[in-house]
Amino acid sequence: MEDLVRTLASVARWVEFHHQREQLAELEDHQLADLGLSPAQVRKECAKWPWRA
């Protein structure tokens, strides 16, 4: 049972990473600049698989 709980927690975390990266990809350049990020950094982050933190 603990294995199932850990697996579900991992999947939930991956879904959240995916959702956050989708939101990041939607930001405009001036918003990224406010966060100290470049468009290239965002492209690199958004290209990661969901299980990659």
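Residue positions are given per chain, counted from 1 along the sequence in the order it is written. In view of the model being predicted, local features appear only for residues whose pLDDT reaches at least 70, and side-chain atom pairs are presented and counted only at 80 or more, with totals across whole chains, interfaces and linings using the full set of residues. Values shown for side chains rest on all heavy atoms present in the structure; no hydrogens or waters enter the calculation.

A. Examining the overall build of the protein more closely. Here a strand is any run of E in DSSP of at least two residues, a helix any run of H or I of at least four, and the numbering for each starts at the N terminus. In terms of regular secondary structure, the protein is built from three helices and zero strands. Reading the secondary structure of the protein in the N-to-C direction produces α-α-α. The C-alpha radius of gyration of the protein comes to 14 Å, more than 25% above the 10 Å expected for a compact globule of 53 residues. The principal-axis extent of the C-alpha atoms belonging to the protein is close to 45 × 15 × 15 Å. Accessible areas in this description were obtained via Shrake-Rupley with a 1.4 Å probe; residue shielding takes into account the shown protein chains only. A total accessible area of about 4500 Å² is found for the protein, and carbon and sulfur atoms account for 58% of it. Looking at the protein, you have 7 positive and 9 negative side-chain charges, and the mean spots of the two groups are 10 Å apart. Note that the radius of gyration is over C-alpha atoms, with the globule rule given as 2.2 Å times the number of residues to the power 0.38. By the counting rule applied here, Lys and Arg register as positive and Asp and Glu as negative, while His and the ends of each chain are not counted. Where a charge lies is defined by one atom per residue type, namely NZ (Lys), CZ (Arg), CG (Asp) and CD (Glu).

B. Summary view of a nonpolar patch on the surface. Put simply, a patch holds well-exposed residues, over 30% relative accessible area, that have no salt bridge, with like charges counted together within 9 Å and Val, Leu, Ile, Met, Phe, Trp or Tyr side chains within 5 Å. Salt bridge, as used here, is a side-chain nitrogen of Lys or Arg placed within 4 Å of a carboxyl oxygen of Asp or Glu. On the surface, a nonpolar cluster with roughly 540 Å² of combined accessible area is contributed by V11, W14, V15, W49 and W51. Position of W51 relative to the elements: it lies in the segment after α3 (39–46).

C. Spotlight on the packing of aromatic side chains. Aromatic pairs are defined between Phe, Tyr and Trp rings, using the six-membered ring for Trp, whenever the two ring centres lie within 6.5 Å; interplanar angles under 30 degrees are classed as stacked, those over 60 as edge-to-face, and all others as tilted. Per the stated rule, a full pass over the model turns up two aromatic pairs. Between W14 and W51 the ring centres are 5.8 Å apart and the planes differ by 65 degrees, which places this aromatic pair in the edge-to-face class. Separated by 37 residues along the polypeptide, W14 in helix α1 (residues 2–25) and W51 in the segment after α3 bring together distant segments of the chain. Ring centres of W49 and W51 lie 5.3 Å apart, and the angle between their planes is 10 degrees; this geometry places the pair in the stacked category.

D. Spatial organisation of the pattern of salt bridges. The tally for this structure, following the rule as stated, stands at four salt bridges. A salt bridge links R6 to E2, with the nearest nitrogen and oxygen atoms 3.7 Å apart. Residue R6 and its partner E2 are located together in helix α1, separated by four residues, close to a single helical turn. For R6, the salt bridge goes to D3, with nearest N and O atoms at 2.5 Å.

E. Examining the environment of E22 more closely. Within the fold, E22 resides in helix α1. Spatially, the C-alpha atom of E22 lies 7.3 Å from that of C46, the residues being 24 residues apart in sequence.

These values are about where atoms sit, not about what they do.
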